[in-house]
Amino acid sequence: MSRVDRWVGIAAFLGGVLLAVAGWRLDPGTSKLPGPGFFPLLIACTLGGLGAWLFLHPGSEEKSFPSGPSRWGALAIALVSIFGYAMVLIELGYLVSTFVLLSVQLRWVEKQRWSTSLWTAAIAAAVSLIVFRVLLKVPLPAGFFPLPKGW
Amino acid sequence: MEILGSLWIGFATTLAPGNFLLVFLGVVIGTVIGVLPGLGPTASIALLLPATVGMDMVPSLIFLAGIYYGAMYGGSTTSILVNIPGEAASVITCIDGYQMARQGRAGAALGIAAFGSFIGGTLGVVAVMLISPFLAEAALKFGAPEMFALLFFAFTCIGTLVGKSVARGLLMAALGLLLGVVGTDDIHGVDRFTFGTLYLRDGIGLVPLAMGLFGLGEIFFNIEQREKTGSVLAVPKNLLPTRKDWKESFWPMLRGSGLGFGIGVLPGGMPAVASLMSYAIEKRVSKHPERFGTGAVEGVAGPETANNAATAGGFVPLLTLGIPTNSVLALLLAALMLHGVTPGPLLLLKWPQVFWGVIASMYIGNIMLLILNLPLIGIFVQLLRIPYAILSPLIIMFVLLGAYALNNSIADVFMTLLFGVLGYLLRRFAFEPAPLVLAFVLGPMMEVNLSKALIMFGTGNPLYFFTRPISGVLLALALFVLCFPVLRGLGKKAFGGTDG
């Protein structure tokens, strides 16, 4: 029995109940004249029903890839660094923030040497800036780093 | 004659220097994407979608379509030489393709995969060209009840055909419907589930959703569970299959073309499903099924032909009914809508250059891919020698860049990250994200047509849909699709049978 299916079933059922309440508040109307809550209410019934089904009839236990040990630390660093990137992209600008993001990813997530990390990050950030900002005219944030005129 | 005249216009459009170059670029980028594990066609098209906003409608679509079928070609290379599929549709090619390579027959495997892809792709395009105009004409007669029934049928197919568990597939599809209702309601102008934010009023964007689920989700999964890759086998000089290989592959290729196209037309009929079914059929009809898994050339020819025929087949419902059958086609639908084109039965009448331009570009793209894949395969294989540890951060950078570039919005970057986490969790616990994306696209269309049908025909009785012949048949089919797994389970219990 899949514990995942059971937990997902409970979550879907509860989500369905909450959605039904929200759909009701939005005004479901009638079957002759459906309101804005009509379709969400139908989805709520589907979600709740499927959640109940999954809870009562869970499949066999399976993971996507039951392979080697999990690298939770690397995953956490990757997630935090991307979140941080999104927070500072406008203020620091594309070039600096992308350089920092790539350096962190290469050094601490992928365990590359410092020299490899810094060189790869610098080249990738600069080339992507030229391609997207200069050639494709995508207005990437400049930030505080001085860019040549016309960029 | 009318079809030939229209096709001629399509070729004239595609052979214009700028468009021809875009077909070439599309298939090369697609092949590279297919070769490299970790970045599938869905994430790649989502990534490049912002770059096509400035292009005209036809060039942008033929470029993106080129990436799609290029990826289908390229995916087999890594399956055969490294035993790692470049994309989902090539998973099955690993089984016999890699065994052939280990026996020193990599050339024959790569050659048959390339020729099979060409044959499946080309026959698929011919079928698209012949069937689409008739289907579009028939679909013009569809009213709101018929469209709703068709979309509901698509919804059930997507939920039940994709993935291993029907309940999980349908749950993902229901989640997709829910995400699709976020934003201002088209009919009543009421904000739904926007939590008071301006950003969500326009609804959740398909591109952040697809890039997060398929791009970042895959990367996060690979970071957490880094797989050990096998060594890349050398590419032999002779890639031409022998006469015996051709003889053994002829019928599998023919069957793969028919089967693949048929599956590709169905909602939820992804190329991966076509290749899997083709392999199962070839094994079943073979006089020597014991050879499968040990390097049978039929195990490469059938699936590779089927996945490319399915790729072509998916364009039929997209271009004639406006219904995407897989997540890549959902993004192509988004690309069309970005340019103000509403895909559906009127596409052929209002924008014939789009339809015939895409068809002609597919003919040309298939020929380009055959020419490119055989002599240049050594160059593509060199890409496999780039360490994944270097590629992975670069892919993250491109995904975030693409997310930002679409609307120059940092909120889109956060949204992509959010869906990246969801994509990782789905991958981690073996939930298939494709039904979610497809239902997300189909949901708003379903709602509008359901509301229109109920208001216009105002009976208030849901059984009304069954009184109209087309919608009745489609809903009956949908119910059959929904009930089939349950009935099959009951049948197995009653008769004590097993699979097969």
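What counts, and where the lines are drawn
- For every chain, the first residue of the written sequence is number 1, and numbering continues from 1 along that sequence.
- The lettering of chains begins at A and the numbering of ligands begins at 1, in the order of writing.
- Totals for whole chains, interfaces and linings use every residue, but because this is a predicted model, local features are given only for residues with pLDDT of at least 70 and side-chain atom pairs only at 80 or more, for both listing and counting.
- To get the side-chain values, all heavy atoms of the structure are used, and hydrogens and water are removed first.
- Every helix listed is a DSSP run of H or I at least four residues long, and every strand listed is a run of E at least two residues long, numbered separately from the N terminus.
- Each radius of gyration is computed over the set of C-alpha atoms, and the globule rule expresses the reference value as 2.2 Å times the number of residues to the power 0.38.
- Partly exposed describes any residue whose relative accessible area lies between the buried limit of under 20% and the exposed limit of over 50%, with all areas from a 1.4 Å probe on protein chains only and scaled to the type maximum.
- Charge assignment: positive for Lys and Arg, negative for Asp and Glu; neither His nor the chain ends contribute.
- Where a charge lies is defined by one atom per residue type: Lys uses NZ, Arg uses CZ, Asp uses CG and Glu uses CD.
- In this analysis, a patch consists of residues with relative accessible area above 30% that form no salt bridge, clustered at 9 Å for like charges and at 5 Å for the nonpolar side chains Val, Leu, Ile, Met, Phe, Trp and Tyr.
- Note on areas: these come from Shrake-Rupley sampling with a 1.4 Å probe, and a residue is covered only by the protein chains present in the view.
- For salt bridges, the criterion is a side-chain nitrogen of Lys or Arg within 4 Å of an Asp or Glu carboxyl oxygen.
- A contact between two residues is defined here by any heavy atoms of the two lying within 4.5 Å.
- Throughout, buried area stands for the accessible area (probe radius 1.4 Å) lost by two parts on being put together, summed over both.
- We call two N or O atoms a polar contact when they sit within 3.5 Å, provided that within protein one can donate a hydrogen and the other can accept it, with sequence-adjacent residues counted only if both atoms are side-chain atoms.
- Three categories are distinguished: nonpolar for Ala, Val, Leu, Ile, Met, Phe, Trp, Tyr, Cys and Pro, charged for Asp, Glu, Lys and Arg, and polar for the others, with Gly belonging to the last.
- Helix span, as expected, comes to 1.5 Å for every residue beyond the first.
- Think of a nonpolar core as a cluster: buried Ala, Val, Leu, Ile, Met, Phe, Trp, Tyr and Cys residues, connected wherever their side-chain atoms sit within 4.5 Å.
- The domain limits used here are those given by an automatic or database domain assignment.
- Working definition: rings of Phe, Tyr and Trp (its six-membered ring) pair if their centres are within 6.5 Å, and the pair is stacked with planes under 30 degrees apart, edge-to-face with planes over 60 apart, and tilted otherwise.
- Cation placement over rings: the criterion is NZ of Lys or CZ of Arg within 6 Å of the ring centroid and within 35° of the ring normal.
- Helix axes use the C-alpha atoms of the stretch in contact, all axes being lines fitted to C-alpha atoms, and the angles between their N-to-C directions lie in the range 0 to 180 degrees.
- If an angle is under 35 degrees, it is roughly parallel; if it is over 145, roughly antiparallel; if it lies from 65 to 115, roughly perpendicular; otherwise it is oblique.
- For any helix crossing, the convention is left-handed if the near helix is rotated counterclockwise from the far helix by under a right angle, and right-handed if that rotation is clockwise.

Asker: An account of the overall build of chain B is needed here, citing residue identities and associated values.
Answerer: Each helix and strand in chain B was counted, giving 22 helices and two strands. By the compact-globule yardstick of 23 Å for 500 residues, chain B fits well, its C-alpha radius of gyration being 22 Å. Judged by the C-alpha coordinates and their principal axes, chain B covers about 70 × 55 × 55 Å. Expressed as a percentage of the 500 residues in chain B, the buried residues total 61%. Computing the positive centroid from 27 side-chain charges and the negative centroid from 23, chain B places the two 10 Å apart.

Asker: Mind laying out a nonpolar patch on the surface, listing which residues take part and the relevant values?
Answerer: Residues and elements named next belong to chain A. Nonpolar side chains collect at one region of the surface, where W7, I10, F13, L14, V17, V21, F55 and L56 lie side by side and expose about 780 Å² of accessible area between them. Within the residue set of the nonpolar patch, elements represented by two or more residues are α1 (3–25) and α2 (38–56). Per element, the largest residue contribution to the nonpolar patch is six residues, and it comes from α1. Position of L14 among the secondary structure elements: in helix α1.

Asker: Lay out the interface of chain A and chain B in plain terms, naming residues and giving numbers.
Answerer: Taken together, the 65 residues of chain A in the interface contact 60 residues of chain B. Both faces considered, chain A and chain B share a buried interface measuring about 5400 Å² in area, 76% of it formed by carbon and sulfur atoms. The salt bridge partner of R168(B) is D5(A), with a shortest N-O separation of 2.7 Å. On the surface where chain A and chain B come into contact, there are seven residue pairs in polar contact (both at pLDDT 80 or more). Counting residues per element, the ones that place at least two in the side of chain A that touches chain B are α1, α2, α3 (72–92), α4 (94–109) and α5 (114–135) of chain A. Top contributing element to the side of chain A that touches chain B by residue count: α3(A), with twelve residues. When grouped by side-chain class, the residues that make up the side of chain A that touches chain B number 44 nonpolar, 15 polar and six charged.

Asker: Can you tell me about helix α18 (residues 388–407) of chain B, naming the residues and giving the values?
Answerer: All names here are of chain B. Across its 20 residues, α18 extends 30 Å between first and last C-alpha, which sits within 8% of the 28 Å expected from 1.5 Å per residue. Where burial is concerned, most of α18 is hidden: 16 out of the 20 residues are buried. Phi turns positive one or two residues past the end of α18, at N408, with a value near 50°.

Asker: Which residues make up the environment of N19(B), and what values do they have?
Answerer: Residue and element names in this part refer to chain B. Its location among the elements puts N19 in helix α2 (residues 17–35). On the basis of relative accessibility, which here comes to 12%, the residue N19 falls in the buried class. If sequence neighbours within four positions are ignored, N19 has contacts with T13, T14, P59 and I62.

Asker: Outline unusual backbone geometry, listing residues and values.
Answerer: Residue and element names in this part refer to chain B. Of note, the phi angle at F193 is positive, near 55°, even though the residue is not glycine. Its location among the elements puts F193 in the loop between β2 (191–192) and α9 (206–224). In the Ramachandran plot, N408 falls in the positive-phi region, its phi being about 50° despite a non-glycine side chain. By the secondary structure assignment, N408 is in the loop between α18 and α19 (410–428).

Asker: I'd like a description of the nonpolar core, backed by residues and values.
Answerer: Within the largest apolar cluster, 160 residues are counted, with the highest numbers of intra-cluster contacts made by L206(B), L209(B), F315(B) and I359(B). No fewer than three residues from each of domain 1 (3–56) and domain 2 (72–135) of chain A sit in this core. I359(B) has contacts with L7(B), V125(B), V128(B) and M129(B), leaving out every residue within four places of it along the chain. Ranked by size, the runner-up nonpolar core spans 26 residues in total, among them I80(B), V82(B), A101(B) and A114(B).

Asker: I'd like a rundown of the packing of aromatic side chains, residues and numbers included.
Answerer: All names here are of chain B. Inspection of the entire model under this criterion finds 13 aromatic pairs over all chains. Through a chain of ring-to-ring contacts, the aromatic side chains of F148, F152, F155, Y464 and F465 assemble into a single cluster. Its guanidinium or amino end placed over the ring of F431, R168 lies 4.0 Å from that ring's centre, counting from NZ or CZ. The ring of F429 carries R428 above its face, with NZ or CZ at 5.9 Å from the centroid.

Asker: Describe the packing of helix α6 (residues 106–139) of chain B against helix α16 (residues 352–373) of chain B, naming the residues involved and giving the relevant values.
Answerer: Residue and element names in this part refer to chain B. Between α6 and α16, the least distance of the axes is 9 Å, while the angle of their chain directions is 165°. In terms of axis orientation, α6 runs roughly antiparallel to α16. Relative to α16, α6 is oriented so that their crossing is left-handed. Here A114, F115, S117, F118, G121, T122, V125, V126, V128, M129, S132 and P133 of α6 come into contact with α16, specifically with F355, W356, I359, M362, Y363, N366, I367 and L370. Among the residues making up the contact of α6 with α16, the classes are represented as 15 nonpolar, five polar and no charged.

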